[in-house]
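# Residue-level structural notes
Below, each chain spelled out in residue letters.
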Amino acid sequence: MKIESVATTPFDDQRPGTSGLRKKVKVFATPRYLENFVQSIFDNLPDRKGKRLAIGGDGRYHNRTAIQTIIRMAAANGFKEILVGRGGILSTPAMSCVIRERNCFGGIILSASHNPGGPDGDFGIKYNGENGGPAPEKLTEAVYASSKVIPEYRIADLPEIPLDADGEHTFDDVTIRVIDPVADYAALMERLFDFDAVRALFASGFRMRFDAMHAVTGPYAREILEGRLGAPAGTVINGEPKEDFGGHHPDPNLAHAKELVEELFRDDGPDFGAASDGDGDRNMILGRNFFVTPSDSLAVLAANARLIPAFKEGIAGVARSMPTSQAADRVAKKLGLESFETPTGWKFFGNLLDAGRVTLCGEESFGTSANHVREKDGLWAVLFWLNLLAERRESVADIVRAHWREYGRNYYSRHDYEEVDSEAAKGVMEYLRGQLERLSGQPLAGREVSYADDFAYHDPIDGSVSTNQGIRIGFEDGSRIVFRLSGTGTRGATLRIYIESFEADPERQDHDPQEALAELIELADQLGEVKKRTRRDGPTVIT
């Protein structure tokens, strides 16, 4: 096996975001671009030699080409065993599972998550460590620093590895194994949940629809839902992964999963609906004529965790990202559990999970998971809900409304301004920062401001500090407005505004969130001069 050191020059735009490096496909296809970033990762893994590396992705355009390059570079950089998901496929949670189950040193995930695919779409890459979770900020910053000065990359002269059949390929002392991408993950799910109870639920005539959105979860959902749990054929729709996700936006929300939403919002629709995203780490939960917000979903799962075999002894605590509603905090307080508020980005949950301080985690951006992996896990959340429905034998709507009666309802909505001019979006945030000192104690829209800050997180495990994580304006009655720039886009900027208000009275818990939050929504626009500065009449997406 011949190994070559190839001279290169740095690119200046390879700083990873909250979920790795994301750019347009055409950028990643630029000569040396992928190679530079991968070598920068390997250069910051000094103990890599002789270890096992996993590689896989969501099947989007450029996935297979990138995998072949990374295999050759991994071999040249001292890895002795390389595991690759068949077809180049490994969902993000399945990658975490494989790393943990097979004692890998780490893994490289090729995905831009819920972003569009295809030749003109997006591509992404990130590194996950030996705990199965995303690389911490310390490592991603080191990778970025290396990318700015990289002089060369190393690559082996290997033939193209056939990815469409399980098998083993050995070259000198390096072995590449193509593995079943579903097997390890499906076996883990069967250990966590009561599959017998869910099979009985389906046998009783319970009807479900799962939209895989032509993304990575299709094979996983078909194997588990239709294969192992006995759901009727056709339960999984859009189940064939496609390089361009069928021309659609693989984001499981009310705007982009329209086919599923329309079916569930018919009077004769299925009992339960769910969807997952491009790389399988997000979920949307629907009942008949009922949408469950991700924030409410986390709170309901935490409140009902003891009904699930994996959590029959209880849970240690709950963590949520800062923009996620405070609904889970109320559950934790009532049950005497620890609760944590972290920045957006699943990597911030890793220390808490590894230390045993929390069991369940969630983000308002349709991400929920637990301590079984170190990533958010879309299909896991769906199986949790199925197990819960099998145990309680109530509708999704009845379960959520009963939860509101017991814990109160956190009315909640997210308004996204997508592909906004970057300078305009930054201008909104700077304008808000300039007002923070004077806002505390002020009356706004009939509410008194109790705090106004730019959120900073002090990690209770390793003592690290993460600043500038989003602007919070909190009111004495528990309401909040949060402003944050997203790090998941590849063009312009995405400004997210989160609006929340608590309602304890059961007689006032069944209003439309946009109506219940109307005053705060208007206040948010005024505080940030959002429409004026972005030159938009309104948000691109409301969830």
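Here's what I pulled together on the structure shown here. Because the structure is predicted, anything quoted here is derived from the model rather than measured.

### Focus: the nonpolar core
- Judged by nonpolar contacts, the single largest core of 76 residues is most densely connected at Phe272, Trp380, Trp385 and Leu386.
- Sorting elements by how many residues they give to this core places helix 13 (residues 378–392) first, with 11 residues.
- When neighbours within four sequence positions are excluded, Trp385 is seen to be in contact with Phe272, Ile285, Val292, Ser297, Val300, Leu301, Val396, Ile399 and Val400.
- In this structure, Val6, Leu34, Ile71 and Ile108 belong to the second largest nonpolar core, which totals 43 residues.

### Structural notes on unusual backbone geometry
- Residues other than glycine seldom take positive phi values, yet His214 does so here, at roughly 55°.
- As for its position among the elements, His214 is in the loop between strand 10 (208–211) and helix 8 (217–228).
- Look at His214 and you get buried, because its relative accessible area is 13%.
- In this structure, Asn468 is a non-glycine residue whose phi angle is positive, near 55°.
- Locating Asn468 in the fold gives a position in the loop between strand 23 (465–466) and strand 24 (471–475).
- Under the relative-accessibility criterion, Asn468 is labelled exposed at 53%.

### Regarding the packing of aromatic side chains
- All told, the structure shown has 16 aromatic pairs when counted by the stated rule.
- Considering the side-chain rings of Phe193 and Trp380, the 6.3 Å spacing of their centres and the 50° angle between planes classify their relative orientation as tilted. Taken together, the positions of Phe193 in the loop between helix 6 (183–192) and helix 7 (195–203) and Trp380 in helix 13 put the pair 187 residues apart, joining distant regions of the chain. In this structure, Phe193 and Trp380 share a single accessibility class: buried.

### Quick word on the sheet that holds strand 5 (residues 106–110)
- The sheet built from seven strands is open, its strands ordered 2-6-5-3-4-9-8 with mixed pairing. The outermost strands of the open sheet, each flanked by one partner alone, are strand 2 (21–24) and strand 8 (167–171). Averaged over all pairs of adjacent strands, the angle between their axes in this sheet comes to 15°, without regard to strand direction.
- Sitting on the sheet, helix 2 (residues 33–43) is in contact with strand 2, strand 3 (52–57), strand 5 and strand 6 (122–128), with an inclination near 15° to strand 6.
- Running at roughly 165° to strand 5, helix 4 (residues 92–101) makes contact with strand 3, strand 4 (81–89), strand 5, strand 6 and strand 9 (174–179) of the sheet.

### Let's talk about the pairing of strand 26 (residues 493–503)
- Burial of strand 26 is extensive: 10 of the 11 residues sit out of reach of the surface.
- In this structure, strand 19 (residues 409–420) lies alongside strand 26, joined through 10 bridges in antiparallel fashion. Residue pairing across strands places Tyr412 opposite Glu500, the latter belonging to strand 26.
- In the sheet, strand 25 (residues 480–486) pairs with strand 26 via seven bridges, with the strands oriented antiparallel. Following the sheet pairing, Leu485 is matched in strand 26 by Leu495.

### A closer look at the sheet that holds strand 19
- One open sheet accounts for seven strands, arranged 20-21-24-25-26-19-27; its pairing is antiparallel. Of all strands in the sheet, those with a lone pairing partner are strand 20 (443–444) and strand 27 (541–542), marking the two edges.
- In this sheet, strand 24 lies alongside strand 21 (residues 447–454) in antiparallel orientation, the contact comprising five bridges. Bridge pairing in strand 24 places Tyr451 opposite Gly474.
- On top of the sheet, helix 15 (residues 422–433) reaches strand 19, strand 21, strand 24, strand 25 and strand 26; it is set at about 145° to strand 25, its chief contact.

### Comments concerning helix 2
- In terms of residue burial, helix 2 counts as a mostly covered element, since 10 of its 11 residues are buried.
- Looking only at helix 2, the buried set comprises Tyr33, Leu34, Glu35, Asn36, Phe37, Val38, Gln39, Ser40, Ile41 and Phe42.

### Some thoughts on the pattern of salt bridges
- Enumeration over the complete set of coordinates arrives at 47 salt bridges.
- In this structure, the salt-bridge partner of Glu503 is Arg508, at a minimum N-O distance of 3.4 Å.
- Note on Arg508: relative accessible area 47%, which makes it partly exposed.
- Sharing partners across several salt bridges, the network here consists of Arg320, Asp329, Glu341, Asp453, Arg472, Arg480 and Glu500.

### Side note on the packing of helix 4 against helix 6
- Two numbers describe how helix 4 lies on helix 6: the axes approach to 9 Å, and their chain directions differ by 85°. Relative to helix 6, the element helix 4 is oriented roughly perpendicular. Facing helix 4, whose interface residues are Pro93, Ala94, Cys97, Val98 and Glu101, helix 6 presents Asp184, Tyr185, Leu188 and Arg191.
- Taken together, the residues of the contact of helix 4 with helix 6 break down into six nonpolar, no polar and three charged.

Each value, and the rule that gives it
- Residues numbered from 1 in each chain as written.
- Predicted model: local features only at pLDDT ≥ 70, side-chain atom pairs only at ≥ 80, totals over all residues.
- Heavy atoms only, no water.
- Core = buried A, V, L, I, M, F, W, Y, C linked by side-chain atoms within 4.5 Å.
- Buried < 20%, exposed > 50% of the residue type's maximum accessible area, 1.4 Å probe, protein only.
- Helix = DSSP H or I, 4+ residues; strand = E, 2+ residues; numbered from the N terminus.
- Contact = heavy atoms within 4.5 Å.
- Phe/Tyr/Trp six-rings, centres within 6.5 Å; stacked < 30°, edge-to-face > 60°.
- Pairing = 2+ DSSP bridges.
- Axes fitted to C-alpha atoms, helices over the stretch in contact; angles between N-to-C directions.
- Salt bridge = Lys/Arg side-chain N within 4 Å of Asp/Glu carboxyl O.
- Parallel < 35°, antiparallel > 145°, perpendicular 65-115°, else oblique.
- Nonpolar A, V, L, I, M, F, W, Y, C, P; charged D, E, K, R; others polar.

Read these as spatial facts, not as claims about activity.
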